[in-house]
Amino acid sequence: GESVGLHLPTLSVQEGDNSIINCAYSNSASDYFIWYKQESGKGPQFIIDIRSNMDKRQGQRVTVLLNKTVKHLSLQIAATQPGDSAVYFCAVSAQGGSEKLVFGKGTKLTVNP
Amino acid sequence: EPEVTQTPSHQVTQMGQEVILRCVPISNHLYFYWYRQILGQKVEFLVSFYNNEISEKSEIFDDQFSVERPDGSNFTLKIRSTKLEDSAMYFCASDLRGDTDTQYFGPGTRLTVL
C-alpha cells in the first residue's frame, strides 16, 4: 500500500523567511496530493492541492511542487508569518479510485519573531 | 463559508462503554469519512461512506465500529465497546465527488477512554 513520509519532523524559521516542507510518497500511481495545516486542537485545514498531471501549483503565499520521478512533494511558504506556525501534513490519494487519503507524519513549523 | 462540524469536542468514557461521535458534513457533499489521530501520530483513515453504505474501510475499522447517516444531515461513528487504545482524536471529513476531490475536515472529537 501507499506510504507517505516527511523528511523533517520539525522546522524552525525566522519571520519573513521562506519555508520549505518536504514529503515523499511510495506509490508511483498516486495521482492526487494535498497539503493540510493543523493548528493545536483543531482539524486538518486544506492549504493547497495538486494533481499528477501538474508539477507546480501556486496559491496565496504557498506553492506546491511535485516531482513524480523521485516521488517527492514540497510545500513552499513565502514570507512566513507567526500565524503559519502549525503542523503541516501531506496527504496522498491512493490509486485505483480509492477515496481514502494516506497522511504523512507531519512537520511542526515554528516561526520565530 | 460552509464547514464540517463535530460534537462533542471532548468525550470521556469508561472502557467497555459505547460511544457515538457525531458529525454534520458540508451540506452538498456526498462522500463522508472518519479518520483518527492518536496523540503525536499520523492521521489514519477509518472508513468512507457514500450512497448510504460503506465504500471502503481500513483494518482498524473492525466489528466494534459502525457508521450511520440517520438523516439528511448527520453522520455518526459508533464504537460499541471502547478500549483504552481507542483514545484518539476522531475527525470527520466530507467531499463532493469522492476520488481525488478535496476532503474538508471537521475540528475533531477527542475521545478519552479510561
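First, a word on what this report is: a plain description of the structure on this page. (Residues numbered from 1 in each chain as written. Chains lettered and ligands numbered in written order. Predicted model: local features only at pLDDT ≥ 70, side-chain atom pairs only at ≥ 80, totals over all residues. Heavy atoms only, no water.)

**Quick notes on the side chain of D84(A)**
Residues and elements named next belong to chain A.
Now for step 1: Mapped onto the elements, D84 comes out in the loop between strand 8 (72-77) and strand 9 (86-93).
Now for step 2: Among the residues examined, D84 registers a relative accessible area of 8% and is labelled buried.
Now for step 3: A distance of 2.9 Å separates the side chain of D84 from the side chain of R61, its partner in a polar contact.
Now for step 4: The residues touching D84, leaving out its near neighbours within four places in the chain, are K37, R61, I77, A79, L109 and V111. (Helix = DSSP H or I, 4+ residues; strand = E, 2+ residues; numbered from the N terminus. Buried < 20%, exposed > 50% of the residue type's maximum accessible area, 1.4 Å probe, protein only. Polar contact = N/O pair within 3.5 Å; in protein donor to acceptor, adjacent residues only side chain to side chain. Contact = heavy atoms within 4.5 Å.)

**Brief notes about the sheet that holds strand 8 (residues 75-79) of chain B**
All names here are of chain B.
Now for step 1: Strand order in the open sheet formed by four strands is 1-3-8-7, and the pairing between neighbours is antiparallel. For this open sheet the edge positions go to strand 1 (5-7) and strand 7 (65-68), each flanked by a neighbour on one side alone. Neighbour to neighbour, the strand axes of the sheet diverge by 20° on average, direction disregarded.
Now for step 2: In this sheet, strand 8 lies alongside strand 7 in antiparallel orientation, the contact comprising four bridges. Note on strand 8: the bridge partner recorded for V67 is L77. (Pairing = 2+ DSSP bridges. Axes fitted to C-alpha atoms, helices over the stretch in contact; angles between N-to-C directions.)

**Regarding the pairing of strand 4 (residues 32-38) of chain A**
All names here are of chain A.
Now for step 1: The element strand 4 is largely enclosed, with a buried count of seven among its seven residues.
Now for step 2: Here strand 4 shows two buried faces, one formed by Y32, I34, Y36 and Q38 and the other by F33, W35 and K37.
Now for step 3: Pairing geometry for strand 4 and strand 5 (residues 45-51), over six bridges, is antiparallel. Considered in strand 5, the bridge of F33 is made with I50.
Now for step 4: Linking strand 4 back to strand 5 in an antiparallel pair, the connection comprises six residues, with G41 at a positive phi of about 80°.
Now for step 5: Note that strand 4 and strand 9 share seven bridges and pair antiparallel. Note that in strand 9 the partner of I34 across the bridge is A91.

**Digging into the state of the cysteines**
Now for step 1: The final tally for this structure, using the stated rule, is two disulfides over all chains.
Now for step 2: Paired through a disulfide, C23(A) and C90(A) show a sulfur-sulfur distance of 1.7 Å. Linking C23(A) and C90(A), the disulfide has an S-S dihedral of approximately 45° and is accordingly described as right-handed. Taken together, the residues C23(A) in strand 3 (residues 19-25) and C90(A) in strand 9 connect sequence positions 67 residues apart. Taken individually, C23(A) and C90(A) each receive the classification buried, so the pair is uniform in this respect.
Now for step 3: Through a disulfide, C23(B) is tied to C92(B); the S-S separation comes to 1.9 Å. Negative torsions about the S-S bond denote left-handed disulfides, and the value of about -65° found for C23(B) with C92(B) makes this one left-handed. With C23(B) in strand 3 (residues 19-24) and C92(B) in strand 9 (residues 88-95), the pair connects residues that are 69 residues apart, well separated along the chain. (Disulfide = S-S within 2.5 Å.)

**Digging into the interface of chain B and chain A**
Now for step 1: Chain B puts 22 residues into the contact, and the matching count from chain A is 22 residues.
Now for step 2: Overall, the association of chain B and chain A removes approximately 1,800 Å² of surface from exposure, summing both partners, and the carbon and sulfur fraction of that is 54%.
Now for step 3: Counting across the interface, chain B meets chain A through zero salt bridges.
Now for step 4: Across the contact surface, chain B and chain A share six residue pairs in polar contact (both at pLDDT 80 or more).
Now for step 5: Contributions of two or more residues to the side of chain B that touches chain A are made by strand 4 (31-37), strand 5 (43-50), strand 6 (53-57) and strand 10 (104-105) of chain B.
Now for step 6: The dominant element in the side of chain B that touches chain A, judged by the number of residues it contributes, is strand 4 of chain B, at four residues.
Now for step 7: Each residue belonging to the side of chain B that touches chain A can be placed in one class, and the counts come to nine nonpolar, eight polar and five charged. (Buried area = accessible area lost by both parts, 1.4 Å probe. Salt bridge = Lys/Arg side-chain N within 4 Å of Asp/Glu carboxyl O. Nonpolar A, V, L, I, M, F, W, Y, C, P; charged D, E, K, R; others polar.)

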